[in-house]
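Report on the structure
Given next are the chains, with one letter for each unit.
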Amino acid sequence: MNNSHVSNEVDGTVQGHRDGHGFVVLDSGEADIYLAPQEMRAVLHHDRVRVRVMRLDRKGRPEGRVLDILERRKTPIIGRLLLENGVWVVAPEDKRYGQDILIQKNATANAEAGQVVAVELTEPPSLHSQPVGRITEVLGDIDDPGMEIEIAVRKYEVPHRFSPETLAQTGKLPDKVRPADMKHRVDLTDVPLVTIDGEDARDFDDAVYCEPAKVGRKKGWRLLVAIADVSHYVKPGDPLDGDAYERATSVYFPRRVIPMLPEKLSNGLCSLNPNQSRLSMVCDMLVDGDGEVTAYQFYPAVICSHARLTYTEVAAVLSNTRGPEAQRQKHLVPHLLHLHEVYRVLLKQRAGRGAIDFETTETQIVCDDNGRIDKIVPRVRTEAHRLIEEAMLAANVCAADFIQAGKHPSLYRVHEGPTPEKRLALQNYLRSLGLSLTVSDEPTPGELQALAQQTRDRPDAAQIHTMLLRSMQQAIYTPFNNGHFGLSYSAYTHFTSPIRRYPDLLVHRVIKGLLVGKKYGLVVKAPAAGRLPPPPRRRQPAKVPGPAPRVEGIAPRDLEVWEAAGAHCSANERRADEASRDVEAWLKCKFMRDRLGEEYTGTVSSVTSFGLFVQLDDLYVEGLVHITELGGEYFRYDDVRHELRGERTGVRYAVGGRIRVQVSRVDLDGRRIDFRLVRDPLMAPTTPTAAPKSVRERHATAQDELVSLQDADREVRRATRKATARKSSPRAGKTASSKVPGKAAGKAAGKSSGGKR
């Protein structure tokens, strides 16, 4: 927005900031409008307003004045009830609201000071008065077990109570699959399908089975992925469907799940529990020796899971087929080995198409009986995890291809590549490191994956991989198929988790409609029953280079409805992620309150203009070392290299650096942990000139090595550019030779960049 936009009147939603100012997020998608603290006095976070752009502030941001409040947010505000100088107030838990809410003495609902409450506004704020409200719900004391989840579901407006109509409909559902439900379905109850999930899983969406098969004249496999048929029980227009759409996804917290469907469905009737008949939708695939799905078909079926296996159990069987775990599952071992065989060729195909597969460390919070963190442990990703992932990816791709071929509107899972701005930022970052590697102006997934592979042994590998991840956009649900950049698919959708994701339920309905030649939403009949059907007819899915074309032959009105559904599901997915992260941050703050003053070693995970975020090695908890804790000198932030550098000493702090810190402060309300830098000569990052050579050699750190590698890389690039310039110049033979790095620097540069390509 430039000066020509000043004095424009625009509509948007207020986004408060904990420091008192705010922004208006415009409906048009243009740049946000800054609101000064004075303007924020009359509005609250989430209000819809009309503003006039008055000027550009000193940072070049458009600054506005509130002209009209179009809509006040009516949802309750969660906070702590406080008694200050004889006056009752509620301090909102979400600091973006910026103002305490006055509570009249007769509107406290008998809540006690310090308790967590929900407040409904009775008088909105103005330029000269605070908002006034009344307490509508008392959640309990701040230290009650599970309070962090009660706060989060209300703070992020996560629906957590099913409607009476939904509960009534659920109560009328049968407790088990009835004979009438099995009609017109393929009977697969004798096929040894199994579920493979984590130890703490309670709902089972998918079951898998694999057997050898001839694909042409060569060896191949027949892979069956059976997915719970939620669409048989959740019909369009039913109360169950309305509540499921409103939630759009299950929300996962430590020790608790807010399910998309009532427990009778999610953990019972729809869950593929072992030794129980269940309705399912099956993706039946033929996979050749190169990992290509050469043919597939979908059909409704009745299955009976032959075992509920865990990732740990399957990994143990695959690593030792004669071990104790294999002996316990002796009758399933051949089938698990077939699954492992098809997984290996699918993985080979994944690598061949250049899909991105960065190595990241995920953690799992282990809670005690009171719901507090007992420990945080890294998730171990085994062959069993990847086996299931590849099987699900294959089924999802077939579903997308089937829907695209049928020219039926649906929701695709779209992940687009770097925007021009993010691509340029990544190019500048790699250039600043002096790497001989770079990305093109139209980067492919294979380029980013190659970068990750060629830099994985560098000390700053974590920093580089983080920047590669940040360069990409978030995945969304949309009816416009623009492909999946990260997985390198021209068409991709979500078919495999209808118990916990509403888009998957919609995909099932579309596939059922296509199977009988009708549009989704009509009452359809399923195919005739039988045992395991013959292998599917050979069919080569169309291979479209680059992003797939947009939907053709679909009425614009239909696309508008599907686009709205996709936006709703995408937004609720983000909401679920934010609520989960908020609860985890709360638990980690509670965890660290008992460790104030303790010292830990950690890795710099992010660098900002105001300090360093550090993840502790043993605890997997992240906190902030504020820039004022780094010493008495001035630090300059390099937004290209993502590092802080001291102007006097030249000391550098970058992602991947190793430092030692002390836990200095924990702010539970702000979900913030502060660290203080410990002056440890073995850990403190230094430049090569910050200490005598003998000291540097004796106390070399990963940060020292990183700085040396980066300097060597930059020197190699400078030498290469000069050499290229001499060759292209007609006077090249008469110019003086430029300096080139010595042998040691050359070796370091070659090692760090993986060699020239």
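Residues numbered from 1 in each chain as written. Predicted model: local features only at pLDDT ≥ 70, side-chain atom pairs only at ≥ 80, totals over all residues. Heavy atoms only, no water.

Focus: the overall build of the chain
Scanning the chain from terminus to terminus reveals 17 helices and 31 strands. Evaluated residue by residue, the chain yields a buried proportion of 50% over its 757 residues. Restricting to contacts in the chain with at least 6 residues of sequence separation, those with at least 24 account for 68%. Accessible area for the chain stands at about 36300 Å²; split by element, carbon and sulfur atoms hold 50% of it. (Helix = DSSP H or I, 4+ residues; strand = E, 2+ residues; numbered from the N terminus. Buried < 20%, exposed > 50% of the residue type's maximum accessible area, 1.4 Å probe, protein only. Contact = heavy atoms within 4.5 Å. Areas by Shrake-Rupley, 256 points an atom, 1.4 Å probe, with all protein chains shown as cover.)

Here we look at the sheet that holds strand E31 (residues 672-677)
Two orientations exist for strands paired in a sheet by backbone hydrogen bonds: parallel and antiparallel. Reading around the barrel, the five strands line up as E24-E25-E26-E31-E30 and close back on themselves, with mixed pairing between neighbours. Taken over all neighbouring pairs, the strand axes of this sheet differ in orientation by 55° on average, direction set aside. In terms of strand pairing, strand E24 (residues 599-608) meets strand E25 (residues 611-616) through six bridges, oriented antiparallel. Bridged to Ser-606 within E25 is Phe-613. (Pairing = 2+ DSSP bridges. Axes fitted to C-alpha atoms, helices over the stretch in contact; angles between N-to-C directions.)

Considering helix H2 (residues 147-155)
A large share of H2 lies buried, amounting to eight of its nine residues. Taken residue by residue, H2 has Met-147, Glu-148, Ile-149, Ile-151, Ala-152, Val-153, Arg-154 and Lys-155 as its buried positions. Its buried side turned inward, H2 meets strand E6 (77-84), strand E9 (116-123), strand E10 (132-140), strand E15 (251-253), strand E16 (256-258) and helix H14 (556-593). Residue Glu-157 follows H2 closely and has a positive phi angle near 55°.

Structural notes on the pattern of salt bridges
Within this structure, the stated rule accounts for 44 salt bridges. For the salt bridge of Lys-512 with Asp-229, the shortest nitrogen-to-oxygen distance reads 2.9 Å. One end of the pair, Lys-512, is in helix H13 (residues 502-515); the other, Asp-229, is in the loop between strand E14 (218-228) and helix H4 (239-247), with 283 residues separating them in the sequence. A residue is classified by how much of its surface remains accessible, and Lys-512, at 16% relative accessible area, is buried. Assessed through its relative accessible area of 1%, Asp-229 is described here as buried. In this structure, Arg-381 engages Glu-389 in a salt bridge whose closest nitrogen and oxygen atoms are separated by 2.6 Å. (Salt bridge = Lys/Arg side-chain N within 4 Å of Asp/Glu carboxyl O.)

Digging into the confidence of the model for the chain
For the chain, the mean per-residue pLDDT works out to 84, and 85% of the residues sit at or above 70. Low confidence marks residues 681-703, where pLDDT is under 50. Its contacts with residues over four positions away, or in another chain, come to 33 contacts. Confidence drops under a pLDDT of 50 for residues 727-757, and excluding neighbours within four residues, the segment shows 31 contacts in the predicted structure. (pLDDT = per-residue confidence, 0-100.)

Quick word on the nonpolar core
Counting 88 residues, the largest nonpolar core has Leu-223, Met-285 and Phe-495 as the members making the most contacts within it. By residue number, the principal contributor to this core is helix H9 (residues 383-406), which donates 11 residues. Excluding its chain neighbours within four sequence positions, the residues that come into contact with Leu-223 are Tyr-209, Cys-210, Cys-283, Asp-284, Met-285, Val-287, Leu-339, Val-342, Leu-346 and Ala-391. Membership of the second largest hydrophobic core comes to 50 residues, among which are Leu-139, Ile-142, Met-147 and Phe-635. (Core = buried A, V, L, I, M, F, W, Y, C linked by side-chain atoms within 4.5 Å.)

Comments concerning the sheet that holds E14
If you walk across this open sheet you meet the five strands as E11-E18-E17-E14-E13, and the pairing is mixed. Edge strands, defined here as strands with exactly one partner in the open sheet, are strand E11 (186-188) and strand E13 (206-215). Strand-to-strand twist in this sheet, taken as the mean axis angle between neighbours without regard to direction, amounts to 35°. Relative to strand E18 (residues 293-304), E11 runs parallel, the two sharing three bridges.

Observations concerning the pairing of E6
Pairing of E6 with E9, which is carried by four bridges, proceeds in the antiparallel orientation. Within the sheet, the bridge partner assigned to Ile-77 lies in E9 and is Val-119. Note: E6 against strand E7 (residues 87-92), six bridges, orientation antiparallel. Looking across to E7, one finds that Glu-84 is bridged to Val-87. Hairpin connection of E6 to E7: two residues between the antiparallel strands, including Asn-85 at a positive phi of 55°.

Notes on the packing of aromatic side chains
On inspection of all chains with the given rule, the structure shows nine aromatic pairs. Ring geometry for Tyr-296 and Phe-298: centres 5.9 Å apart, planes at 70°, overall edge-to-face. Here the two residues Tyr-296 and Phe-298 agree in accessibility, since each one is buried. Centroid distance Phe-635 to Tyr-653: 5.9 Å. Interplanar angle 50°. Geometry classified as tilted. (Phe/Tyr/Trp six-rings, centres within 6.5 Å; stacked < 30°, edge-to-face > 60°.)

Some remarks on the packing of H2 against H14
Running from N to C, H2 and H14 point in directions that differ by 150°, and their axes come no closer than 9 Å. Considering the angle they form, H2 stands roughly antiparallel to H14. Between H2 and H14 lies a crossing of right-handed hand. Of the residues in H14, those in contact with Glu-148, Ile-149, Ile-151, Ala-152 and Lys-155 of H2 are Ala-579, Asp-582, Val-583, Trp-586 and Leu-587. Each residue belonging to the contact of H2 with H14 can be placed in one class, and the counts come to seven nonpolar, no polar and three charged. (Parallel < 35°, antiparallel > 145°, perpendicular 65-115°, else oblique. Left-handed = near helix turned anticlockwise from the far one by under 90°. Nonpolar A, V, L, I, M, F, W, Y, C, P; charged D, E, K, R; others polar.)

Side note on the environment of Ala-654
When you line up the elements, Ala-654 lands in strand E29 (residues 652-654). Look at Ala-654 and you get buried, because its relative accessible area is 3%. Spatially, the C-alpha atoms of Ala-654 and His-642 are 6.4 Å apart, while their sequence positions differ by 12 residues.

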